Amino acid sequence: MIIFPAIDILGGKVVRLFKGDYEEVKSYPVTCAEAALSFRAQCASHIHAVDLDGAKSGNADNAKAVKSIISATDAFVEIGGGIRCEKQICDYLEGGAGRVILGTAAVYDFGFVKDMAKKYPAKIAVGVDAFDERVAVSGWREVTDINSIEFCNRLADAGVRNVIYTDISRDGTLTGTNLEVYERLVKIDGLKITASGGIASLKEIKILKDIGVYAAILGKAIYEGKISLSAAVAAAEE
């Protein structure tokens, strides 16, 4: 299993949100590049970056910060937040990103996501952000009536191979992740599932690995010193 330490970017700064609430923001005294260098020094080979401003606006508002992350290390960087057209996809991939994450676009323009998954099969992931198993969009500010599990099945049928599933109610809380939902998701044929939201212990990482999750994203747990990133990487690779 792969560990992705997260760099969430708001106004060019490294932050963490509480349950996706833009009004509950905690900033950290490091630059995006410094965070990437620190993660790489702790044995992380992959980094998950999110443009939180872009998630709301639909623009690459923090493209400069994302570029600094990619330039800082040789890590595989996946980037999401506001990517809603092919030009944005190409700009990030040509800029060195290993994979781009589509979120809101997957809900409002499913045909576009299907086409992009076919055109860039290994370079596209879909972020499914859920609250009470309903898909949320536009930086988590709007919760739809779309069932998140059914949506993941539909993505698999459309040729999407990577899904990052976040339980919003757990994200940034350090209360533990939703293990039950990942046990269900890993049974969907053809999908590589990345777990995100609330992971707070090495025990959870080991459980996620054992049930067949492809990757796990760590955020607040490593920023707050609840989990050693190097220990998490080692646990995931055992």
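Here, the structure is the one placed above.
Along each chain, the written sequence defines residue order, and numbers are assigned to residues from 1. Per-residue local features are limited, in this predicted model, to residues with pLDDT of at least 70; the limit for side-chain atom pairs, both in listing and counting, is 80 or more; totals at the level of whole chains, interfaces and linings are taken over all residues. Note: side-chain values were computed over all heavy atoms of the structure, leaving out hydrogens and water.

Engineer: Hey, could you run me through the environment of Lys 187 in this one?
Structural biologist: Strands here mean DSSP runs of E at least two residues long; helices mean DSSP runs of H or I at least four residues long; both are numbered from the N terminus. Residue placement: Lys 187 occurs in the loop between α8 (179–185) and β11 (192–196). It is 13 Å that separates the C-alpha atoms of Lys 187 and Leu 208, two residues lying 21 residues apart in sequence.

Engineer: Mind showing me how you'd approach the pairing of strand β6 (residues 99–102) here?
Structural biologist: Taken residue by residue, a regular strand's side chains alternate between the two faces of the sheet. Relative accessibility under 20% of the residue-type maximum defines a buried residue, over 50% an exposed one, and the middle range a partly exposed one, all with a 1.4 Å probe and only protein chains included. Side chains of β6 alternate between two faces, with Arg 99 and Ile 101 and Val 100 and Leu 102 buried alike. Looking down the strands as they point away from you, a crossover is right-handed if its path from the first strand over the helix to the second goes clockwise. Tracing the backbone out of strand β5 (residues 76–80), into helix α4 (residues 86–94) and back to the parallel element β6 gives a crossover that is right-handed. Strands were regarded as paired on the criterion that DSSP finds at least two bridges between them. Both β6 and strand β7 (residues 124–131) contribute to a ladder of three bridges, which runs parallel. Counterpart to Val 100 in the pairing with β7 is Ile 124.

Engineer: For this particular structure, what's the right way to read unusual backbone geometry?
Structural biologist: It is generally the case that most residues other than glycine have a negative phi and that most peptide bonds are trans. One non-glycine residue with positive phi stands out, namely Cys 43, at about 80°. The topology assignment puts Cys 43 in the loop between α1 (32–41) and β4 (46–51). Positive phi outside glycine occurs at Glu 133, with the angle close to 60°.

Engineer: What's the story with the state of the cysteines in this structure? I'm lost.
Structural biologist: Formally, a disulfide is one covalent bond, and it connects the sulfur atom of one cysteine to the sulfur atom of another. By disulfide we mean two sulfur atoms from cysteines, separated by a distance within 2.5 Å. Counted by the stated rule, this structure contains zero disulfides. Cys 85 forms no disulfide, and the closest cysteine sulfur to it belongs to Cys 90, at a distance of 8.8 Å. Assessed through its relative accessible area of 21%, Cys 90 is described here as partly exposed.

Engineer: Looking at this structure, I do not really get the packing of helix α9 (residues 202–211) against helix α11 (residues 229–237). What am I missing?
Structural biologist: To get an axis, fit a line to the C-alpha atoms, keeping to the stretch in contact for a helix; angles then go from 0 to 180 degrees between the N-to-C directions. The geometry of α9 relative to α11 is characterised by a closest axis approach of 9 Å and an angle of 25° between their N-to-C directions. Comparing their axes, α11 and α9 come out roughly parallel. Note on packing geometry: the crossing formed by α9 with α11 is right-handed. Of α11, the residues touching α9 (which contributes Leu 202, Ile 205, Lys 206 and Lys 209) are Ala 231, Ala 232, Ala 235, Ala 236 and Glu 237. Residues are grouped as follows: Ala, Val, Leu, Ile, Met, Phe, Trp, Tyr, Cys and Pro are nonpolar; Asp, Glu, Lys and Arg are charged; all remaining types, including Gly, are polar. When the residues that make up the contact of α9 with α11 are grouped by side-chain class, the tally is six nonpolar, no polar and three charged. These descriptions rest on fixed angle ranges, namely under 35 degrees for roughly parallel, over 145 for roughly antiparallel, 65 to 115 for roughly perpendicular, and the rest for oblique. Helix crossings fall into two classes, left-handed where the near helix is turned counterclockwise from the far one by less than a right angle and right-handed where it is turned clockwise. A contact between two residues is defined here by any heavy atoms of the two lying within 4.5 Å.

Engineer: Explanation requested: α1 in the structure shown.
Structural biologist: Helical geometry note: an α-helix holds 3.6 residues per turn, so side chains three or four residues apart project in the same direction. Considered for burial, the residues of α1 that qualify are Cys 32, Ala 35, Ala 36 and Phe 39. Burial along α1 is one-sided: seen end-on, the buried residues are contained in an arc of 100°. Check the buried side of α1 and you find it contacts β1 (2–10), β2 (13–18), β4, α3 (63–72), α10 (220–223) and α11. Directly beyond the C-terminal end of α1, a positive phi value near 80° is found at Cys 43. Working definition: the arc comes from the directions between the helix axis and the C-beta atoms, pointing outward to the latter.

Engineer: Sorry if this is basic, but what is going on with the pairing of β2 here?
Structural biologist: The pairing of β1 with β2 spans three bridges and is classified as antiparallel. Within β2, the residue paired with Ile 9 across the bridge is Val 14. What sits between the antiparallel neighbours β1 and β2 is a turn of two residues, in which Gly 11 has the positive phi angle 60°. The antiparallel hairpin formed by β2 and strand β3 (residues 21–27) contains two residues in its connecting segment, where Lys 19 sits at a positive phi of about 55°.

Engineer: Would you take a moment to explain the layout of surface pockets for this structure?
Structural biologist: Empty pockets left among the atoms are what a rolling probe the size of a water molecule brings to light. The method works on a 1 Å grid over the protein atoms by themselves. A cavity is a set of points holding a 1.4 Å probe that cannot get out, a pocket is an open set with protein on both sides within 12 Å along at least five of seven lines, and residues with an atom within 4 Å of a point line them. Grid points are joined across faces, edges and corners, and a volume is the space filled by probe spheres set on the points. As a volume, the largest pocket reaches approximately 180 Å³. Taken together, Ala 60, Ala 63, Val 66, Lys 67, Ile 70, Gln 88, Asp 91, Tyr 92 and Gly 95 make up the full set of residues lining the largest pocket. For the lining of the largest pocket, the elements supplying multiple residues, two or more each, are α3 and α4. Taken together, the residues that form the lining of the largest pocket break down as five nonpolar, two polar and two charged.

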